[in-house]
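# Understanding the architecture of this molecule
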Amino acid sequence: MGNKRQRIAILGSTGSIGTQTLDVARAWPDLFEVEMLAAGRNWELLARQAEEFGPDCVVIADQAGYRPLSEALAHLPIKVYTGEDAAAMSVVSSSVDTVVSAMVGFAGLAPTLAAVRAGKKIALANKETLVVAGELVMAEAKRCRAPVIPVDSEHSAIFQCLVGEMPSSVKRLVLTASGGAFRDVPAAELDRMTAADALKHPCWDMGRKITVDCATMMNKGFEAIEARWLFDLPAERIGVAVHPQSIVHSFVEFADGAFKAQMGMPDMRLPIQYALTFPYRLPVRGGSDYDPVAAGALTFAEPDAAKYPCLGLAYDVLRDAYGKGGGCVMNAANEVAVAEFLDGRIRFTDIYELVRRVLEAVPPASPRTLEEYAALDAAARDAARSAVRASF
């Protein structure tokens, strides 16, 4: 892999993907140098990470955390920034080789796009970047020759299955889904499920927002849209299968009838490390071994449309049923809806209904610039909050 250490910036360093990226950097100190760390509100953990890894700078989005973070790091030669543009300004530094985009939601779009335009290698875990603005981001990645390597386990699996294959030989992609916390709960009982119930994911340890998205399967709908932009395939060639064991992370069907699948334990350090070291493979230090014989049977099933209406809604967006800006509107409405559910103000089943209403209420749009996407995002959030006040 060469003698030079790869210099990485981590957007969302205190979240699940961010902390596991630092696990990889900790395991391979001769290969990775942490140059920049950015977080939303958790300045205490960010300070501890900075003390351990000694980055050139850190960014805290929440301005209330700027002073205590600065004081905590005053004894170190680490620059501390805050504000909406700080992360985007930091990732374009010439001292950064690779940007791990792991911020949650729309907030990850601007700094990721800035990194793309600076020609950085992108290890993409923020699926909302492509859900919201996939056309813009991938066009800029092509123009700036910025490699975008997926970190999501499903897209990493597909990426791995496609290495060495001709794009014309691909018949379809199939994203696997655990089914989330309510996989075995009848659809008629979902309106009684609480936030605490939704956060009990059967396989993965993730952040609160994405865990709820798994329970609604909106997350899988987002992944279908992300796959469209990453692999340049239409909706009818992107499928979803419920796979409770979470061992097969996705698979590809080829024109000759052959299938390739990527398998392994549900450990996000594997796709993170693969994105950072591609095309090389290294051991995941401290990882779990997978024994196919000991694991037993693997099962697959069609998603239950009645239980997971958010998945169907996302496919409507994928087919441009709500205009080119549908992904931006859907993501904004979903972020508001999930936050309202986690705070106990709406029911679990209201998440779908709220997102659907906002998609129908916001006029179709075709945003082309970051500023236009930001304006559409703001309008959709306003519509979602108004709907909550009026109806829920």
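As the structure is a computational prediction, the values presented were derived from the model and not from experiment. (Residues numbered from 1 in each chain as written. Predicted model: local features only at pLDDT ≥ 70, side-chain atom pairs only at ≥ 80, totals over all residues. Heavy atoms only, no water.)

### Describing the overall build of the chain
Selection criterion: We count a stretch as a helix when DSSP gives it H or I for four or more residues in a row; a strand needs E for two or more, and each element gets its number in order from the N terminus. We compute the radius of gyration from the C-alpha atoms alone; for a globule the expected value is 2.2 Å times N to the 0.38, where N is the number of residues. Contacts are residue-level and defined by heavy atoms, with any inter-residue pair within 4.5 Å sufficient.
The secondary structure content of the chain amounts to 16 helices and eleven strands. Taking 392 residues into account, the globule formula puts the C-alpha radius of gyration at 21 Å, and the chain, at 20 Å, falls close to it. Viewed in the frame of its principal axes, the chain has a C-alpha envelope of about 55 × 50 × 40 Å. Considering only contacts in the chain between residues 6 or more positions apart, those separated by 24 or more positions represent 67%.

### Description of the environment of Ala47
So the rule is basically this: Summary of the burial criterion: residues with accessible area below 20% of their type's maximum are buried, those above 50% are exposed, and those between are partly exposed, where the area comes from a 1.4 Å probe applied to protein chains only.
Relative to the assigned elements, Ala47 resides in helix 2 (residues 43-53). A residue is classified by how much of its surface remains accessible, and Ala47, at 6% relative accessible area, is buried. Expressed as a C-alpha distance, the spacing of Ala47 and Ala337, which sit 290 residues apart in the sequence, is 31 Å. Among residues more than four places away in sequence, those in contact with Ala47 are Leu69, Ala72 and Leu73.

### Comments concerning the environment of Phe53
Along the polypeptide, Phe53 turns up in helix 2. For Phe53, a relative accessible area of 18% translates into the label buried. Sequence separation of Phe53 and Met265 is 212 residues, and the distance between their C-alpha atoms is 28 Å.

### Concerning the sheet that holds strand 10 (residues 248-254)
The criterion, for reference: Two strands qualify as a pair provided that DSSP identifies no fewer than 2 bridges between them. Note on method: axes are straight lines fitted to C-alpha atoms, helices fitted across the in-contact stretch only, with angles between N-to-C directions ranging 0 to 180 degrees.
Strand order in the open sheet formed by four strands is 9-8-10-11, and the pairing between neighbours is mixed. If you trace the sheet from one side to the other, it starts and ends with strand 9 (238-242) and strand 11 (259-263), each paired once. Recorded for the sheet is a direction-independent mean angle of 20° between the axes of neighbouring strands. As paired strands, strand 10 and strand 11 are joined by five bridges and run antiparallel to one another. When the sheet's bridge partners are listed, Glu253 is paired in strand 11 with Phe259. Packing of helix 10 (residues 218-231) onto the sheet brings it into contact with strand 8 (170-177) and strand 9, and relative to strand 8 it is tilted by some 150°.

### Focus on the packing of helix 6 (residues 128-144) against helix 10
For clarity, the cut-off: Here the angle decides the label: under 35 degrees means roughly parallel, over 145 means roughly antiparallel, 65 to 115 means roughly perpendicular, and every other value means oblique. Helix crossings fall into two classes, left-handed where the near helix is turned counterclockwise from the far one by less than a right angle and right-handed where it is turned clockwise. Think of it as three bins: nonpolar holds Ala, Val, Leu, Ile, Met, Phe, Trp, Tyr, Cys and Pro, charged holds Asp, Glu, Lys and Arg, and polar takes everything else, Gly as well.
Close contact between helix 6 and helix 10 brings their axes to 8 Å; oriented N to C, the two are set at 15°. Taken together, the axes of helix 6 and helix 10 lie roughly parallel to each other. Both helix 6 and helix 10 take part in a crossing whose hand is left-handed. Where helix 6 abuts helix 10, its residues Glu128, Leu130, Val131, Gly134, Glu135 and Met138 lie against Phe222, Ile225, Glu226, Trp229 and Leu230. Residues that form the contact of helix 6 with helix 10 fall into these classes: seven nonpolar, one polar and three charged.

### A closer look at the sheet that holds strand 1 (residues 6-11)
The strand order across the open sheet formed by seven strands is 4-3-2-1-5-6-7, and the pairing between neighbours is parallel. The sheet is open, and its two borders are formed by strand 4 (79-82) and strand 7 (148-150), each paired with just one other strand. Geometrically, the sheet is characterised by an average inter-axis angle of 20° between neighbouring strands, direction not taken into account. Direction of pairing for strand 3 (residues 57-60) relative to strand 4: parallel, over a ladder of four bridges. Bridging across to strand 4, Ile60 finds its partner in Thr82. Lying over the sheet, helix 5 (residues 109-117) contacts strand 1, strand 5 (98-101) and strand 6 (121-124), oriented at roughly 150° with respect to strand 6.

### A look at the pairing of strand 6
Here is the rule we go by: For the handedness criterion, the strands are oriented away from the viewer, and a crossover whose path from the first strand over the helix to the second runs clockwise is classed as right-handed.
Residues Lys121 and Ala123 line one face of strand 6 and the alternating positions Ile122 and Leu124 line the opposite face, and both faces are buried. One ladder, built from four bridges, connects strand 5 with strand 6; its direction is parallel. Bridge assignment links Thr98 to a residue of strand 6, and that residue is Lys121. The parallel pair strand 5 and strand 6, bridged by helix 5, forms a crossover whose chirality is right-handed.

### Notes on the environment of Tyr322
Within the secondary structure layout, Tyr322 lies in the loop between helix 13 (309-318) and helix 14 (326-342). Residue classification places Tyr322 among the buried positions, given a relative accessible area of 19%. Sequence separation between Tyr322 and Leu359 is 37 residues; the distance between their C-alpha atoms is 6.8 Å. Contacts of Tyr322, omitting those with residues within four sequence positions, involve Leu313, Asp316, Val317, Leu359, Glu360 and Pro364.

### A short note on the pairing of strand 3
Here strand 3 shows a buried face lined by Cys57 and Val59 and a second buried face lined by Val58 and Ile60. Looking at chain direction, strand 2 (residues 32-39) and strand 3 are connected through four bridges and run parallel. Bridge assignment links Leu37 to a residue of strand 3, and that residue is Val58. In this view, the connection linking strand 2 to its parallel neighbour strand 3 by way of helix 2 has right-handed handedness. A crossover links strand 3 with its parallel partner strand 4, the connecting element being helix 3 (residues 66-72), and its sense is right-handed.

### Quick word on the packing of aromatic side chains
Put simply, the test is: To pair, rings of Phe, Tyr and Trp, with the six-membered ring standing in for Trp, must have centres within 6.5 Å; the planes then decide the type, stacked if under 30 degrees apart, edge-to-face if over 60, and tilted in the middle. Throughout this description, the term charge over a ring refers to an Arg CZ or Lys NZ atom that lies within 6 Å of the ring centre and within 35 degrees of the ring normal.
Counted by the stated rule, this structure contains seven aromatic pairs. Ring geometry for Phe251 and Phe300: centres 5.9 Å apart, planes at 85°, overall edge-to-face. With Phe251 in strand 10 and Phe300 in the loop between helix 12 (292-295) and helix 13, this pair connects stretches of sequence that are 49 residues apart. Residue Phe251 is classed as buried on the basis of its relative accessible area of 15%. Clustering of aromatic rings is evident, with ring pairs tying together Phe159, Tyr274 and Phe278. Against the face of Trp229 rests Arg228, its NZ or CZ located 3.9 Å from the ring centre.

On their own, these measurements won't tell you what the molecule is for.
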